[in-house]
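Spelled out from the first residue to the last, the chains are:
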Amino acid sequence: MSGAWLAFDASHAPVAPRSLSSVKLDCNGKTLDLAAPVVMGVLNVTPDSFSDGGKFVDAETAVAHALRMVDEGAAIIDIGGESTRPGAAPVSEQQEMERVLPIIERLAHMVDAVISIDTMKPSVMREAVKAGAGLINDVNALQAEGALKVAAESAAGLCLMHMQGEPRSMQKAPHYNDVLSEVADFLQQRAKLCEAAGIARNRILIDPGFGFGKTLEHNLRLMAELERFTSMPWPVLVGVSRKSMLGALLDVPPAERVHGGTAAAVLACWQGAKIVRTHDVRAAWQALQVMQSVRRYKD
Ligand code: PT1
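Residues numbered from 1 in each chain as written. Predicted model: local features only at pLDDT ≥ 70, side-chain atom pairs only at ≥ 80, totals over all residues. Heavy atoms only, no water.

K.L.:
It is not clear to me how the overall build of the chain should be interpreted in this structure. Could you clarify?
P.N.:
Within the chain one finds 11 helices and 10 strands. For the chain, with 299 residues in total, the buried portion stands at 54%. Considering only contacts in the chain between residues 6 or more positions apart, those separated by 24 or more positions represent 70%. Split by element, the accessible area of the chain, about 13300 Å² in all, is 52% carbon and sulfur. (Helix = DSSP H or I, 4+ residues; strand = E, 2+ residues; numbered from the N terminus. Buried < 20%, exposed > 50% of the residue type's maximum accessible area, 1.4 Å probe, protein only. Contact = heavy atoms within 4.5 Å. Areas by Shrake-Rupley, 256 points an atom, 1.4 Å probe, with all protein chains shown as cover.)

This is how it looks when you write it as C-alpha cells:
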C-alpha cells in the first residue's frame, strides 16, 4: 500500500485520502468547512492597492464592500492594510493597525464569514485576532521575529505562503533551480515548524504564492502541477486574482482580468485547492458551483 498521500508523510498514521474525508479549518471559534472549495474576498484598505487603488480606505465604504462580498458568496473576508503587490513599499505598524482594526471590529459582529488579517507583522496579527479575526494570512509564512509565537498563542487559522524576496523587489530577478520542489519544501518546512510549536494541523493552510518572486513560467508551472501541493496534508489556498501573470497572458489592465482569473480559480480547485482569494467574488463563486457540481460525478 503506497498511495502518494501515504508516501508523503510516513511519520503520521494513515488517514483517508482527502477526497473521502471532510476537511475543516479551525478559525478561532469558527469552523470553515472545506469539503467543497470556498471563496475568500479581498478587502484592501490601502491607498495604493493595484487593482482597486484607494477605493476602500474609508471604513464605512470598506465595511459595505465586505458585506457585499459576503452576499456574493464569500466565506472569508481577507483584510489587508499593507500592499504586497510587486514594488509596494512597507507601511508602519501603527498605520497598518489604524487601517485594519476599526474594520475588523465592526465586521466581526456583523457577518458569519471568517475575518482574515493579511499581515506580516506579529503585533498586527495579535491585535487583529483580539478584534475578531479568525485567520492570519501571512505572505511571509510567519518568518518575522515573534510571528510564530503570536500565531501559536492564538486559536486562529494560519495561511503560510511562499514568497521569494520581499514585495518591493521580488519581481526583479526571480530564480529557482526547481520551482516546484523549492516552494513545496519551503511550505512543508514552515507547516511542520508550526505543528512542532503546538499548532494543530487543522489550523494550517499552505499557499504557493502566485506572483511573489515568480516569473510567468514559474507561475504557470506551479499552476500546472498544483497537485504537488494539494496532495500535501494541509489545505491549499491560491490567489491569482487580477495579477500580472494574467496580464501577461491577456494583455489587459487589472480590472479586465476577471474572466481569466476565474478560469485560473477553476483550474486550481479542480486540482484540489480549497480556498480561492479573489476580488471578484461573484464570478468565482458561480464558477466553483459549476465545477463542484461536475466534480461530484467524477470517478
Ligand atoms: C496571495 C496573496 C495574498 N496575494 C495570500 N495572500 C496578495 N495568501 C496579497 C501581480 O503579479 O496570493 N495569497 N495577499 C496580492 N499580491 C500580489 C502579488 C498582487 C502579485 C499582484 C501581483 O500583479
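Here the narrative resumes, following the displayed structure.
K.L.:
Explain the sheet that holds strand E10 (residues 275-278) to me, please; I cannot follow it from the model alone.
P.N.:
The pairing of strands in a sheet happens through backbone hydrogen bonds and is either parallel or antiparallel. Pairing is parallel in the open sheet, where eight strands are placed in the order E8-E7-E6-E5-E4-E3-E10-E9. For this open sheet the edge positions go to strand E8 (204-207) and strand E9 (237-239), each flanked by a neighbour on one side alone. The sheet shows a mean angle of 25 degrees between the axes of neighbouring strands, direction not considered. With five bridges connecting them, strand E4 (residues 74-80) and strand E5 (residues 114-118) associate as parallel partners. The residue bridging Ile76 from the neighbouring strand is Val114, located in E5. Across the sheet, helix H2 (residues 59-71) lies against strand E3 (38-44) and E4, angled at about 165 degrees from E3, the strand it touches most. (Pairing = 2+ DSSP bridges. Axes fitted to C-alpha atoms, helices over the stretch in contact; angles between N-to-C directions.)

K.L.:
Is there a simple way to explain the site of the ligand in this structure?
P.N.:
In the neighbourhood of the ligand, 17 residues make up the surrounding shell, with Asp118, Asn137, Asp207, Lys243 and Ser244 lying closest. In the environment of the ligand, a nitrogen atom lies 2.8 Å from a nitrogen or oxygen atom belonging to the side chain of Asp118. Note that an oxygen atom of the ligand is positioned 2.5 Å from one of the side-chain N or O atoms of Ser244. Mapped by element, the contributors of at least two residues to the shell around the ligand are strand E7 (157-161) and E9. Here the shell around the ligand is built from residues that sort into seven nonpolar, five polar and five charged. (Near = heavy atom within 4 Å. Polar contact = N/O pair within 3.5 Å; in protein donor to acceptor, adjacent residues only side chain to side chain. Nonpolar A, V, L, I, M, F, W, Y, C, P; charged D, E, K, R; others polar.)

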